[in-house]
Amino acid sequence: MAKKYSKEEIIKKLETAKSEMGQFYSENFLNYIGEASDKDGDYTEIIAGWLLDNIELFDEIKPITRENSYKVKTHDGIIKNEESNREEEKIAMQLFDLSQNKGKVFDIIGKIIDYQTPLKNVRGDKVGKIDLLAYNENEKTLRILELKRPDSKETMLRCVLEAYTYLKVVDKAKLLKDFGLPEDTVIKACPFVFYDGEQYKEMQEDRKNLKELMKNLDVEPIYLKGEGGEYKAVK
């Protein structure tokens, strides 16, 4: 980001973007890094503080009921195109393969039951796909995991808002039914980012507003450690 923005300029961007809360998570300014030009706070903290003051805006994110099943029968975890540069999708498929074909149950999140879960009902729906779904049988908790590659430069705020938007958009009752999960299953939104990555480092800094926003939205980050071809999830 070459240009520096003042707090007032950032607020103006927020006021414009709030008209489409379902797309808010995709706004470029969520990835602005550093301090505002008027020295009136860090970009992330300004935005998170504004969202805390306008928390009711999240109620405007409308659910989309998908007529087809959320569970896609062709999802097998096999990477068809090794030349693909979509690293996040490759990692997601590897993690799915570990759970589904090698029986791995991850700490905290449990068993990964799907990847690239579609949210659209019709082509024109403006929403992405859930990177990973993980079910912890002991906790009866299904986690919507927003996965980021190890070298991702996206802010934790962006990850939080994308995961939470998907939680608001998905038809929760149908999602549980399609995957054969108990009706009283708790569904949570979680950024799933690499330990020691940029998002992890950001959380070690003074992010009072961001952490308060995450608490309000009940969004909890899970960190992924990749060592020697093995993966594990940690808090």
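Residues numbered from 1 in each chain as written. Predicted model: local features only at pLDDT ≥ 70, side-chain atom pairs only at ≥ 80, totals over all residues. Heavy atoms only, no water.

1. Notes on the overall build of the protein chain
What the protein chain contains, in helices and strands, is seven helices and six strands. Listed by position from the N terminus, the elements making up the protein chain come as α-α-α-β-β-β-α-α-β-α-α-β-β. By the compact-globule yardstick of 18 Å for 235 residues, the protein chain fits well, its C-alpha radius of gyration being 18 Å. Taken along its principal axes, the extent of the C-alpha atoms in the protein chain is 55 × 40 × 35 Å. Counting only residues that meet the buried cut, the protein chain has 51% of its 235 residues in that class. In the protein chain, once contacts between residues fewer than 6 apart in sequence are set aside, the share between residues at least 24 apart is 67%. Accessible surface computed for the protein chain: about 12,100 Å², of which carbon and sulfur atoms make up 44%. (Helix = DSSP H or I, 4+ residues; strand = E, 2+ residues; numbered from the N terminus. Rg over C-alpha atoms; globule rule 2.2 N^0.38 Å. Buried < 20%, exposed > 50% of the residue type's maximum accessible area, 1.4 Å probe, protein only. Contact = heavy atoms within 4.5 Å. Areas by Shrake-Rupley, 256 points an atom, 1.4 Å probe, with all protein chains shown as cover.)

2. A short note on the packing of aromatic side chains
Scanning the entire structure with this criterion turns up nine aromatic pairs. Ring centres 5.8 Å apart and planes at 75° place the aromatic pair Phe24 and Phe29 in the edge-to-face group. For Phe29, a relative accessible area of 4% puts it in the buried group. Through a chain of ring-to-ring contacts, three or more aromatic side chains come together here, namely Tyr5, Tyr32 and Tyr43. Against the face of Phe106 rests Lys104, its NZ or CZ located 5.0 Å from the ring centre. Against the face of Tyr195 rests Lys225, its NZ or CZ located 4.3 Å from the ring centre. (Phe/Tyr/Trp six-rings, centres within 6.5 Å; stacked < 30°, edge-to-face > 60°. Lys NZ or Arg CZ within 6 Å of the ring centre and 35° of its normal.)

3. Looking at the side chain of Asp42
Summarising the element assignment, Asp42 is placed in the loop between helix 1 (7–17) and helix 2 (43–53). Judged by its relative accessible area of 17%, Asp42 falls in the buried class. For Asp42, the residues in contact, after removing those within four places along its chain, are Gly34, Glu35 and Arg207.

4. Looking at the packing of helix 1 against helix 2
Where helix 1 meets helix 2, the axes come as close as 10 Å, and the angle between the chain directions of the two elements is 45°. Here helix 2 runs oblique to helix 1, going by the angle between their axes. Like other packed secondary-structure pairs, helix 1 and helix 2 cross with a definite hand, here right-handed. Counting all contacts with helix 1, which are made through Lys7, Ile10, Ile11, Leu14 and Glu15, the residues of helix 2 involved are Tyr43, Ile46, Ile47 and Trp50. The class makeup of the residues in the contact of helix 1 with helix 2 is seven nonpolar, no polar and two charged. (Axes fitted to C-alpha atoms, helices over the stretch in contact; angles between N-to-C directions. Parallel < 35°, antiparallel > 145°, perpendicular 65-115°, else oblique. Left-handed = near helix turned anticlockwise from the far one by under 90°. Nonpolar A, V, L, I, M, F, W, Y, C, P; charged D, E, K, R; others polar.)

5. Structural notes on the pattern of salt bridges
Per the counting criterion, the structure on display carries 22 salt bridges. Two residues, Arg143 and Glu139, come together in a salt bridge whose shortest N-O distance is 3.4 Å. When the shortest N-O distance is used, the salt bridge between Arg207 and Glu205 registers 3.0 Å. Residue classification places Glu205 among the partly exposed positions, given a relative accessible area of 41%. (Salt bridge = Lys/Arg side-chain N within 4 Å of Asp/Glu carboxyl O.)

6. Quick look at the pairing of strand 2 (residues 129–136)
For strand 2, a buried count of seven out of eight residues is recorded, marking the element as mostly surrounded by other parts of the structure. Looking at chain direction, strand 2 and strand 3 (residues 141–147) are connected through five bridges and run antiparallel. When the sheet's bridge partners are listed, Asn136 is paired in strand 3 with Thr141. (Pairing = 2+ DSSP bridges.)

7. Some remarks on the side chain of Glu220
Structurally, the position occupied by Glu220 is in the loop between helix 7 (208–217) and strand 5 (222–227). Among the polar contacts made by the side chain of Glu220, one reaches the side chain of Lys235 at a distance of 3.0 Å. (Polar contact = N/O pair within 3.5 Å; in protein donor to acceptor, adjacent residues only side chain to side chain.)

8. A short note on the nonpolar core
Counting 56 residues, the largest nonpolar core has Phe24, Leu51, Phe58 and Leu142 as its most contacted members. The element best represented in this core is helix 4 (residues 156–169), accounting for ten residues. Setting aside anything within four residues of it in sequence, one finds Phe58 in contact with Met21, Leu51, Leu161, Tyr164, Lys168, Leu213 and Leu217. If you look at the next biggest cluster of nonpolar residues, it comprises 21 residues, including Ile91, Ile112, Leu132 and Ile222. (Core = buried A, V, L, I, M, F, W, Y, C linked by side-chain atoms within 4.5 Å.)

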